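Examination of the molecular architecture
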Amino acid sequence: MVKFKDFISVAKSKCVAQDIDVSSVDWLIMDLFSWNRTDFIMKQNEIPTEKEQNILDDAFERLYQGEPIQYIVGFQSFYGELFDVNQHCLIPRPETEEVMLHFLNKVHDNSKVVDIGTGSGNIPVMLKKLNQSLEVYATDISLEALNVAEKNAEKHNVDINFLHGDTLAPLIEQRITVDGLISNPPYIDRKDVEIMTSSVVKYEPDNALFADDHGLAIYKSILEDLPQVLNDNAQVVFEIGFNQGEILKSVIESMYSHIDVKIIQDINNNDRIISFNW
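As a starting point, this report considers the structure included with it. Residue positions within a chain follow its written sequence, with the count starting from 1. Two thresholds apply to this predicted model, a pLDDT of at least 70 for residue-level local features and 80 or more for giving and counting side-chain atom pairs, whereas whole-chain, interface and lining totals are computed over all residues. Water and hydrogen atoms were dropped before computing side-chain values, which therefore reflect all heavy atoms in the structure.

What follows covers the sheet that holds strand S5 (residues 161-164). Paired through backbone hydrogen bonds, the strands of a sheet run either parallel or antiparallel to each other. Strand order in the open sheet formed by 7 strands is S5-S4-S3-S6-S9-S11-S10, with mixed pairing between adjacent strands. Two strands bound the open sheet, and with one partner strand each, they are S5 and strand S10 (262-265). The mean inter-strand angle of the sheet, taken between neighbouring strand axes irrespective of direction, is 20°. Paired strands, as defined in this entry, are two strands with at least two bridges between them according to DSSP. Numbering of helices and strands runs from the N terminus, with a helix taken as a DSSP run of H or I at least four residues long and a strand as a DSSP run of E at least two residues long. Bridge analysis of S10 against strand S11 (residues 271-277) gives 4 bridges, and the strand direction is antiparallel. Bridged to isoleucine 264 within S11 is isoleucine 273. Here, two residues are considered to be in contact whenever any of their heavy atoms come within 4.5 Å of each other. Geometry is summarised by axes, namely lines fitted to C-alpha atoms with helices restricted to the contacting stretch, and by angles between N-to-C directions that run from 0 to 180 degrees. This element, helix H8 (residues 143-155), spans strand S4 (135-140) and S5 of the sheet and lies at about 175° to S5. Running at roughly 20° to S11, helix H14 (residues 245-255) makes contact with strand S9 (230-239), S10 and S11 of the sheet.

Structure (structure tokens):
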């Protein structure tokens, strides 16, 4: 029988051969069995049970195919909390934590806010957890993604108003106006697919990644309808691609000349946030 340490050694060799990050091996095993680093070290010389071996074999076959670990284990951490994820929603990224916190610091207590294109629901759930006075809405065009988001809201015991539809349409249809709008929409230009990680392209939902018009189409759709959903002095925050700040700022200012648009960089000094006061 093969010990854990032997399985790990073979798995890392396979990852090297397939250009998969070898740190994925340790990470995947710890997530599969809910181990911490000490557990991982202490169990090296143990032999997996039949059940554990079956779990390992299935999970690592998926890893070798390039599937992201988050989809294999079914969850991802976001701002210190675990969120269920599957292939119907984008995997939350650390950069989005900065976007969410920027928005949280801009809105006032008791505000009504909305997340457009919510995916797994990580943004609205964390907003509500961090400020329970907020009335939080979230929209998505994908019913499958909304199903994941609703489960995450239930898991975290927060009340979110989920609406199905394209960008601001559900708000307009129900005549809902808000004091704050945040969105991490699809913003990747399709021509950039060649420089993207293959696992992202292969496994994450296309409609959560790519947008037409050089990645600006969804932003423009949202911007066009802002007058119908924003209250006076509402806060608007977009997550953006590293090369979209100046062009999106120009688009916004050409549509609404009274707006002072701020471009904010993330911890890696990349343009990450567009922020303005309506």
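Moving on from the coordinates now.
Another aspect to go through is the nonpolar core. Counting 30 residues, the largest nonpolar core has Leu181, Leu226, Leu230, Phe238, Leu248 and Phe276 as its most contacted members. Of all the elements in the fold, those that place two or more residues in this core are strand S3 (112-116), strand S6 (178-183), helix H13 (217-229), S9, H14 and S11. For this core, the leading source of residues is H13, giving 5 residues. Each residue touching leucine 230, except ones within four places of it in the same chain, is listed here: Val178, Leu181, Val236 and Trp278. In this text, buried Ala, Val, Leu, Ile, Met, Phe, Trp, Tyr and Cys residues form a nonpolar core when linked through side-chain atoms within 4.5 Å. Classification of residues uses two cut-offs on accessible area relative to the type maximum, computed with a 1.4 Å probe and protein chains only: under 20% is buried, over 50% is exposed, and between them is partly exposed.

Here, a salt bridge means any side-chain nitrogen of Lys or Arg that lies within 4 Å of a carboxyl oxygen of Asp or Glu. Inspection of the entire model under this criterion finds 13 salt bridges. For the salt bridge of lysine 155 with aspartate 84, the shortest nitrogen-to-oxygen distance reads 3.1 Å. On the criterion of sequence distance, the pair formed by lysine 155 in helix H8 and aspartate 84 in strand S2 (residues 81-84) is long-range, its members being 71 residues apart. Counted as one network, the salt bridges with shared partners bring together Lys12, Asp26 and Arg37.

The subject of this paragraph is the side chain of serine 111. Inspection of the secondary structure puts serine 111 in the loop between helix H6 (94-106) and S3. Judged by relative accessible area, which is 7%, serine 111 ranks as buried. Once residues within four sequence positions are removed from consideration, serine 111 is found in contact with Leu134, Glu135 and Asp179.

This part covers the packing of aromatic side chains. What counts as a ring pair is set by centres within 6.5 Å for rings of Phe, Tyr and Trp (its six-membered ring), and what kind of pair is set by the plane angle: stacked under 30 degrees, edge-to-face over 60, tilted for all other angles. Tallying each qualifying case throughout the model produces 10 aromatic pairs. For the ring pair phenylalanine 4 and phenylalanine 33, a centre distance of 6.2 Å and an interplane angle of 80° mean the geometry is edge-to-face. Note that phenylalanine 4 is positioned in helix H1 (residues 4-17) and phenylalanine 33 in helix H2 (residues 23-33), a separation of 29 residues in sequence. For phenylalanine 4, a relative accessible area of 2% gives the class buried.

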